[in-house]
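Each chain is listed here by its residues.
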Amino acid sequence: MEIQKVDPRGGNYGRATSPPSGSPASLQSTPQSSRPKRRCCCNPFTCCSRHLATSPPSGSPASLQSTPQSSRSKRRRCCNPFICCCMKGICVCVFHILVVVGIIMFVLWLSLRPHIVRYYASDAALSQFNLSNRNLHFNLKVNLSIQNPNCRIGLNYESIEATALYEGQRFSTVKVPPFYLGKRTRTNLTADFSGQHIVLLSDEGLRNYNYDRASGTYGINLQLFIRARLRFGIVRSMMIRPSINCNLEVPLISNKTAAAAGSAFQSQRCSPVWWL
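Calculation rules
- Residues numbered from 1 in each chain as written.
- Predicted model: local features only at pLDDT ≥ 70, side-chain atom pairs only at ≥ 80, totals over all residues.
- Heavy atoms only, no water.
- pLDDT = per-residue confidence, 0-100.
- Contact = heavy atoms within 4.5 Å.
- Helix = DSSP H or I, 4+ residues; strand = E, 2+ residues; numbered from the N terminus.
- Buried < 20%, exposed > 50% of the residue type's maximum accessible area, 1.4 Å probe, protein only.
- 1 Å grid on protein atoms, 1.4 Å probe; cavity = no way out; pocket = protein on both sides within 12 Å on 5 of 7 lines; lining within 4 Å.
- Points joined across faces, edges and corners; volume = space filled by probe spheres on them.
- Nonpolar A, V, L, I, M, F, W, Y, C, P; charged D, E, K, R; others polar.

Side note on the confidence of the model for the chain
If pLDDT is low for a region, its predicted coordinates should not be looked at in detail. Per-residue confidence for the chain gives a mean pLDDT of 76, with 66% of residues at or over 70. This model gives residues 40-55 a pLDDT under 50, and the stretch forms eight contacts once residues within four places in sequence are excluded. Predicted confidence is poor over residues 258-262, with pLDDT under 50, and the contacts of this stretch with residues over four places away or in other chains come to four contacts.

Let's talk about unusual backbone geometry
For residues that are not glycine, phi is negative in most cases, and the peptide bond is trans in most cases. Unlike most non-glycine residues, arginine 134 shows phi in positive territory, near 65°. For arginine 134, the location among the structural elements is in the loop between strand 3 (118-132) and strand 4 (135-147). Since its relative accessible area comes to 57%, arginine 134 is described here as exposed. Residue glutamate 167 is not a glycine yet carries a positive backbone phi of 55°. Structurally, the position occupied by glutamate 167 is in the loop between strand 5 (154-166) and strand 6 (169-176). You can call glutamate 167 partly exposed: its relative accessible area is 37%.

So, the layout of surface pockets
Summary: where empty space remains is shown by rolling a probe the size of a single water molecule over the atoms. Of the pockets and cavities examined, the second largest pocket occupies roughly 610 Å³. What lines the second largest pocket is a set of 20 residues, and nearest its centre among them are Pro114, Ile153, Leu230, Ser237 and Ile240. Going through the elements one at a time, helix 5 (81-112), strand 9 (217-232) and strand 10 (235-240) are the ones with two or more residues in the lining of the second largest pocket. The residue inventory of the lining of the second largest pocket, partitioned by class, reads 16 nonpolar, three polar and one charged.

Spelled out as structure tokens, the structure:
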């Protein structure tokens, strides 16, 4: 039989009773009882799985408040040590390869000292250039000069394709036979363009043609498409495909205006467009 002591004011005491839910005492004791104990985790895979399983869902207030801490912890740790080691090894290998390639290129540049090959249009003769009903009759002869200033590198020209254009319209193409250009040498080539070809000129192109016919000098663009290999000793390089551009101002020989003015073709250097 349990004996209770009754308070005269109506309360009972002497029994250990727990505070009701919602009271300050229960609110203060809740965090201590619900706080989980931290244990040491030796397996990184298990730690990562536990971390992902206990993380709060996205959009909740807890996840929004813990976002900076979780991002920092993700940056600092790597869940899979194998992936971390592989990424580190790949970065080190790429860095070493780039250093070795740079050293090899620098040594080759010091030993060969390469220079750009020079192309010149030394002479040009235009005896016919008539446009009638979009049909162009022409007779053009261009002398080209190629100079190799390199003392350790020669060039094997496998093909040279010379294309003549007027106002952006191609009217003739010729091919030069293959040849070898030695070290510190110069060679001369001749490109003959003759015949007729349909040329579709715009209104501005027709005005420029009438102006050139009145002046006796025609602006003709010559392009060289080259396939060659560099040669140093017995070693040959991969195929290079440079493109050379020559802007020519060629006087018409049969034109009396040009003959009276004493105009003649001026030798000029051509400019490379690309070397790959």
